[in-house]
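This is what each chain is made of:
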Amino acid sequence: ATSLSSLVPARLAVGAGSSMLATAEQAYLMDVVERFPNNTGALLGTVQAVGLLGWAVGPAVGGVLAERGGAVRLPYVVIGSVLIGSAGLYALLPETRRARGSADASPGAARPPPLRTLLADRSQRALLASRFGLIVGWAAWL
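Worth saying up front: this structure is predicted, and the values here are computed from it rather than measured. Sequence order as written defines residue numbering, which begins from 1 separately in each chain. Only residues with pLDDT of 70 or above have their local features reported here, since the model is predicted, and side-chain atom pairs are shown and tallied only from 80 upward, although totals for entire chains, interfaces and linings are computed over all residues. Hydrogens and waters are ignored; side-chain quantities use all the structure's heavy atoms.

Asker: Please provide a residue-by-residue account of the overall build of the protein, values included.
Answerer: Segments assigned H or I by DSSP are reported as helices when at least four residues long, segments assigned E as strands when at least two residues long, and all are numbered from the N terminus. Along the backbone of the protein there are five helices and zero strands. Reading the helices (α) and strands (β) of the protein from amino to carboxyl end gives α-α-α-α-α. The buried share of the protein, reckoned over its 142 residues, is 25%. Two residues form a contact once any of their heavy atoms are found within 4.5 Å. Of all intrachain contacts in the protein linking residues separated by at least 6 positions in sequence, the fraction that spans at least 24 positions is 82%. Calculation of accessible area relied on Shrake-Rupley with a 1.4 Å probe; when residues are assessed, cover is drawn exclusively from the protein chains displayed. Within the structure as shown, the protein displays about 9500 Å² of accessible surface, and the carbon and sulfur contribution to it stands at 64%. Throughout this description, buried means an accessible area under 20% of the type-specific maximum (1.4 Å probe, protein chains only), exposed means over 50%, and partly exposed covers the range between.

Shown next as structure tokens:
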């Protein structure tokens, strides 16, 4: 942005998009995590760790991209590529809303699988990779 009058609307749009994304992400995450009540802490901790790893790696990635390709163009190309790649990962995520009238198994009736088994699931890995890419992109942009 070259002026405050162009910066404010852009930041408002980014904030609105970010808040919608964060809300949808947390709702989906809670839907997935409630299926494994004995592993809630491990799952939430893993997602948080992957997100924080993205925040830690993002500035370094952004710095390298800025040095190699110019501070303006290349980071945006990479962020755009990550967003397009995330669209493919989105297709791997299963629907979590239950159909009306479906019988729910009582939570905790069966012993949930260990964390390694959960992370072997494509949808879990897709969720983690999407979160990591998003956070790396934001951190590199900052």
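Asker: Give a description of the nonpolar core that names residues and reports values.
Answerer: Listed in full, the 11 residues of the largest apolar core are Tyr28, Leu29, Val32, Val33, Phe36, Leu43, Val47, Val50, Leu118, Leu127 and Leu128. Breaking this core down by element, the ones donating at least two residues are α1 (4-33), α2 (40-69) and α5 (122-141). Here the element with the most residues in this core is α1; it accounts for four residues. We call a set of buried residues a nonpolar core when its members are Ala, Val, Leu, Ile, Met, Phe, Trp, Tyr or Cys and they connect through side-chain atoms within 4.5 Å of each other.

Asker: Which residues make up a nonpolar patch on the surface, and what are the values?
Answerer: In this analysis, a patch consists of residues with relative accessible area above 30% that form no salt bridge, clustered at 9 Å for like charges and at 5 Å for the nonpolar side chains Val, Leu, Ile, Met, Phe, Trp and Tyr. The working definition used for a salt bridge is a side-chain nitrogen of Lys or Arg within 4 Å of a carboxyl oxygen of Asp or Glu. The grouping of Leu4, Leu7, Val8 and Leu12 at the surface amounts to a nonpolar patch, some 390 Å² of accessible area in total. As for its placement among the helices and strands, Leu12 is situated in helix α1.

Asker: Could you give me a rundown of α2, with the residues and numbers involved?
Answerer: End to end, α2 covers 42 Å across 30 residues, agreeing with the expected 44 Å (1.5 Å per residue, within 8%). Of all the bends in α2, the greatest, near 35 degrees, is centred on Val57, and the proline Pro59 appears no more than four residues after it. Here the expected length of a helix is defined as 1.5 Å per residue gap, with one fewer gap than residues. Here the bend at each residue means the angle between axes fitted to two seven-residue stretches, the one ending at that residue and the one beginning there.

Asker: Requested: an account of the packing of α1 against α2, with residues and values cited.
Answerer: Here α1 crosses α2 at 145 degrees, and the two axes come no closer than 10 Å. Between α1 and α2 lies a crossing whose hand is right-handed. Residue-level contacts link Leu29, Met30 and Val33 of α1 to Thr40, Leu43, Leu44 and Val47 of α2. For the contact of α1 with α2, the per-class residue count stands at six nonpolar, one polar and no charged. Structural elements are reduced to axes, namely lines fitted to C-alpha atoms, with helices fitted over the stretch in contact, and the angle between N-to-C directions of any two is expressed from 0 to 180 degrees. By definition, turning the near helix anticlockwise from the far helix through less than a right angle yields a left-handed crossing, and turning it clockwise yields a right-handed one. Only Asp, Glu, Lys and Arg are considered charged, only Ala, Val, Leu, Ile, Met, Phe, Trp, Tyr, Cys and Pro nonpolar, and every remaining residue, Gly among them, polar.

Asker: Can you lay out the packing of α2 against helix α3 (residues 74-90) for me, pointing to particular residues and giving the numbers?
Answerer: The packing of two helices is summarised by the inter-axis angle and the distance between the axes. At a minimum axis distance of 8 Å, the contact between α2 and α3 shows a crossing angle of 125 degrees. Between α2 and α3, the crossing angle belongs to the class labelled oblique. Of α3, the residues touching α2 (which contributes Leu65, Ala66 and Gly69) are Leu74, Pro75 and Val78. Roughly parallel means an angle under 35 degrees; roughly antiparallel, over 145; roughly perpendicular, 65 to 115; everything else is oblique.

Asker: Describe the environment of Ala27, and please don't skip the residues or the numbers.
Answerer: Following the sequence through the fold, Ala27 ends up in helix α1. Relative accessible area serves as the criterion here: at 41%, Ala27 is assigned to the partly exposed category. A C-alpha to C-alpha distance of 9.7 Å links Ala27 and Thr96, two positions 69 residues apart in sequence.

Asker: Account for the side chain of Gln124, with residues named and values stated.
Answerer: Among the structural elements, Gln124 can be located in helix α5. Once residues lying within four places of it in the same chain are set aside, the contact partners of Gln124 are Val32, Phe36, Leu43, Leu118 and Leu119.

Asker: Talk me through the confidence of the model for the protein; I want residue IDs and the actual numbers.
Answerer: In low-pLDDT regions, the fine details of the predicted coordinates are not to be read closely. How sure the predictor is of each residue is captured by pLDDT, a score from 0 to 100. In the predicted model, the protein carries a mean pLDDT of 78, and the fraction of residues at 70 or more is 82%. Mean pLDDT across the elements of the protein bottoms out in helix α4 (residues 115-119) (76) and peaks in α2 (85).

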